[in-house]
Amino acid sequence: MNITQSTKGENLISIKINVEKADYEEMVEKTLKQMRQRANVPGFRPGMVPMGMIKKLYGASAKMEALNNIVSDNLNKHIVDNKLNLLGYPLNDPEKGPADLDKEDDLDFYFEAALRPEINVDFTNTMVDFYHIIPTDEEVDKVIEDLLERNPNTSHPDTVGEDDRLEIKIREAKDGKEVEGGWEKDGFYFNMSQIKNKTQRKKFIDKEVGSEFIVNFAKVFGSEEEAAKILGEGAPAGSDFNIIIDDAIRNEKPELDEDFFKKIFPDKDIKELDAFKQAVKAEMEKQHDMETDPILFNKMIDELVAAVHFDLPDDFMKRWLVENSQGNLKPEDVEKNYEKDYVKGLRWQLIEDSIVKANPELIITDEEVKNYVLRQIFPGIDYNTVEDDMKANLDKIAANYLKDPKQNEHLKNQLADIKMTSFLKGKMNINYEDVTAADFMKKLEEERKAK
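Residues numbered from 1 in each chain as written. Predicted model: local features only at pLDDT ≥ 70, side-chain atom pairs only at ≥ 80, totals over all residues. Heavy atoms only, no water.

**Looking at the packing of aromatic side chains**
On inspection of all chains with the given rule, the structure shows 15 aromatic pairs. A ring pair is formed by Phe130 and Tyr131, whose centres lie 5.8 Å apart and whose planes are at 45°; its orientation type is tilted. The class of Tyr131 is buried, set by a relative accessible area of 11%. Relative to Trp348, the ring of Phe297 lies with its centre 6.1 Å away and its plane at 80°, an arrangement referred to as edge-to-face. Remark: Trp348 occurs in helix 10 (residues 331–358) and Phe297 occurs in helix 8 (residues 273–307); sequence separation between them is 51 residues. As far as burial versus exposure is concerned, Phe297 and Trp348 are alike and both buried. Three or more aromatic residues joined by ring pairs make a cluster, and in this case those are Trp183, Phe188, Phe190, Phe204, Phe213, Phe217, Phe221 and Phe241. The positively charged end of Arg347 is found above the aromatic ring belonging to Phe310, 4.1 Å away from the centroid. (Phe/Tyr/Trp six-rings, centres within 6.5 Å; stacked < 30°, edge-to-face > 60°. Buried < 20%, exposed > 50% of the residue type's maximum accessible area, 1.4 Å probe, protein only. Helix = DSSP H or I, 4+ residues; strand = E, 2+ residues; numbered from the N terminus. Lys NZ or Arg CZ within 6 Å of the ring centre and 35° of its normal.)

**Here's the deal with the sheet that holds strand 4 (residues 107–114)**
If you trace the 4 strands from one edge of the open sheet to the other, you get 1-2-4-3, paired in antiparallel fashion. Strands at the two margins of the open sheet, each flanked by one partner only, are strand 1 (2–9) and strand 3 (91–92). Two elements, strand 2 (residues 12–19) and strand 4, share 8 bridges in a ladder whose sense is antiparallel. Opposite Asn18, over in strand 4, you have Asp108 as the bridge partner. Helix 2 (residues 51–81) contacts strand 1, strand 2 and strand 4 of the sheet and is inclined by roughly 135° relative to strand 2. (Pairing = 2+ DSSP bridges. Contact = heavy atoms within 4.5 Å. Axes fitted to C-alpha atoms, helices over the stretch in contact; angles between N-to-C directions.)

**A closer look at the nonpolar core**
In this structure, Leu304, Trp348, Ile355 and Leu424 are the most contacted members of the largest nonpolar core, which totals 41 residues. Of all the elements, helix 10 adds the most residues to this core, at 8 residues. Residues in contact with Leu424, not counting those within four places in the same chain, are Phe123, Phe297, Met300, Leu304, Trp348 and Ile355. The next biggest cluster of nonpolar side chains, apart from the first, holds 26 residues, and it includes Val19, Tyr24, Ala62 and Ala66. (Core = buried A, V, L, I, M, F, W, Y, C linked by side-chain atoms within 4.5 Å.)

**Focus: the packing of helix 9 (residues 314–323) against helix 10**
In contact at an axis separation of 10 Å, helix 9 and helix 10 are set at 105° when each is read in the N-to-C sense. Judged on the interaxial angle alone, helix 10 and helix 9 are roughly perpendicular. The segment helix 9 lies against helix 10, with Asp314, Met317, Lys318, Leu321 and Val322 engaging Pro331, Val334, Glu335, Tyr338, Tyr342 and Leu346. The class makeup of the residues in the contact of helix 9 with helix 10 is 8 nonpolar, no polar and 3 charged. (Parallel < 35°, antiparallel > 145°, perpendicular 65-115°, else oblique. Nonpolar A, V, L, I, M, F, W, Y, C, P; charged D, E, K, R; others polar.)

**Side note on helix 3 (residues 137–150)**
Taking 1.5 Å of rise per residue, 14 residues should cover 20 Å, and helix 3 covers 20 Å from first to last C-alpha, within 8% of that figure. Those residues of helix 3 that fall on the buried side of the exposure criterion are Val140, Ile144, Leu147 and Leu148. Burial along helix 3 is one-sided: seen end-on, the buried residues are contained in an arc of 100°. Turned more than 90 degrees off the buried face of helix 3, the exposed positions are Glu138, Lys142, Glu149 and Arg150. (Expected span 1.5 Å × (residues − 1). Arc of directions from axis to C-beta.)

**Examining unusual backbone geometry**
The phi dihedral of Lys83 is positive, around 50°, even though this residue is not glycine. Note on placement: Lys83 falls in the loop between helix 2 and strand 3. One non-glycine residue, Gln326, lies in the positive phi region at around 55°. Mapped onto the elements of the fold, Gln326 is located in the loop between helix 9 and helix 10.

**Here we look at the pattern of salt bridges**
In this structure the tally under the stated criterion is 32 salt bridges. The shortest N-O distance in the salt bridge between Lys253 and Glu145 comes to 2.6 Å. In this pair, Lys253 sits in the loop between strand 11 (240–252) and helix 7 (258–264) while Glu145 sits in helix 3, placing the two residues 108 residues apart along the sequence. You can call Lys253 partly exposed: its relative accessible area is 48%. With a relative accessible area of 34%, Glu145 lands in the partly exposed category. With a shortest N-O distance of 3.5 Å, Lys286 and Glu283 are connected by a salt bridge. With a gap of 3 residues between them, Lys286 and Glu283 both fall in helix 8, about one helical turn apart. (Salt bridge = Lys/Arg side-chain N within 4 Å of Asp/Glu carboxyl O.)

**Considering the packing of helix 11 (residues 366–377) against helix 12 (residues 388–401)**
The contact between helix 11 and helix 12 brings their axes to 10 Å, and the two run at 100°. Taken together, the axes of helix 11 and helix 12 lie roughly perpendicular to each other. Residues Lys370, Val373, Leu374 and Ile377 of helix 11 lie in contact with helix 12, whose contacting residues are Leu394, Asp395, Ile397, Ala398 and Tyr401. In the contact of helix 11 with helix 12, the residues fall into 7 nonpolar, no polar and 2 charged.

Next up, the structure:
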């Protein structure tokens, strides 16, 4: 057995494996003996087929199997022993014909392998033009109005108002009395705004909490069908009901005062409306940054692919793409689309690997993936501050969510992109232009048309 390595070109090597008969002869004999024990040949008892016949029937396949094992094992050993940092796995050398297994005892096997290029990423020479979305005053006011709507002051008045939400008990009734064993429901909620008929609304308005009276929900909600939909399955929607008002819940638009500012920003000491608007505006800018980061990430990738120079063994990579496509790619397809569809991805993968190797903190851990999942499912929970029992439950939820390998890999890739985006934003030179959200969309469309 003899293995030699030589240089074929930039980041391309040739590996020659010379296999002598003595290297595989014993393995072939052992395989043939095993085949003899299993062979089912008419006229012979199991295990009694002449070895000459076994060699004639199975000799070629036994030799092929032995050679495949020996060559594969020694090729892998050569890669490990010589610490070869390969780009893909070696392929058969296209300049050398296959060994003639039938005519030769000593055989030469030739492989071509691509070495990963040495890559030095210099961030100081990069420049990316991008946009920073600044909300308009009108957009800030609109968000504040929405915050007021979604964070009302809630009270429980003694009497029912026009826009209250009511909690009631319901008992089926007939002739002004509850029906024994009739349909009933506790803890039923509905909004006064659901009552469209003015006459029916008057039956509720100004009633005290605790009041008890007879209503017909088909009249209250406008029709028997609507009543059935609101009361739920099984309710005799056309019947009369005795109801008791257990609670009136009133949501009122809050004042733009310190209490409201504290409710929205509990960690900030905001006393003035202008300061509150600035805080809202800053949060809106952060949200815009998060939403536009994927677009910026692609621009940063484009810049690095253009700025970081290294040679790729393109002919080898084209063959590698075809041979690893499981028959989905033809050589002519790869040749035609190599620059457009493959080169950027290949070059970025190598650049990214180089960056991660130099910055191990970018490696995604299982713990990070778990925490990432929990933040998606329970955005308000801080995993590090909850009790042990709660942590155990959260761990089970995350483990169940991540048991699908594809889902796990997808989330790892998502998290890797987020971490890499943040890292590159801190390393690369980015020239931001302040724009409105509307102008941002126009800029993107102009860039798309310019490509």
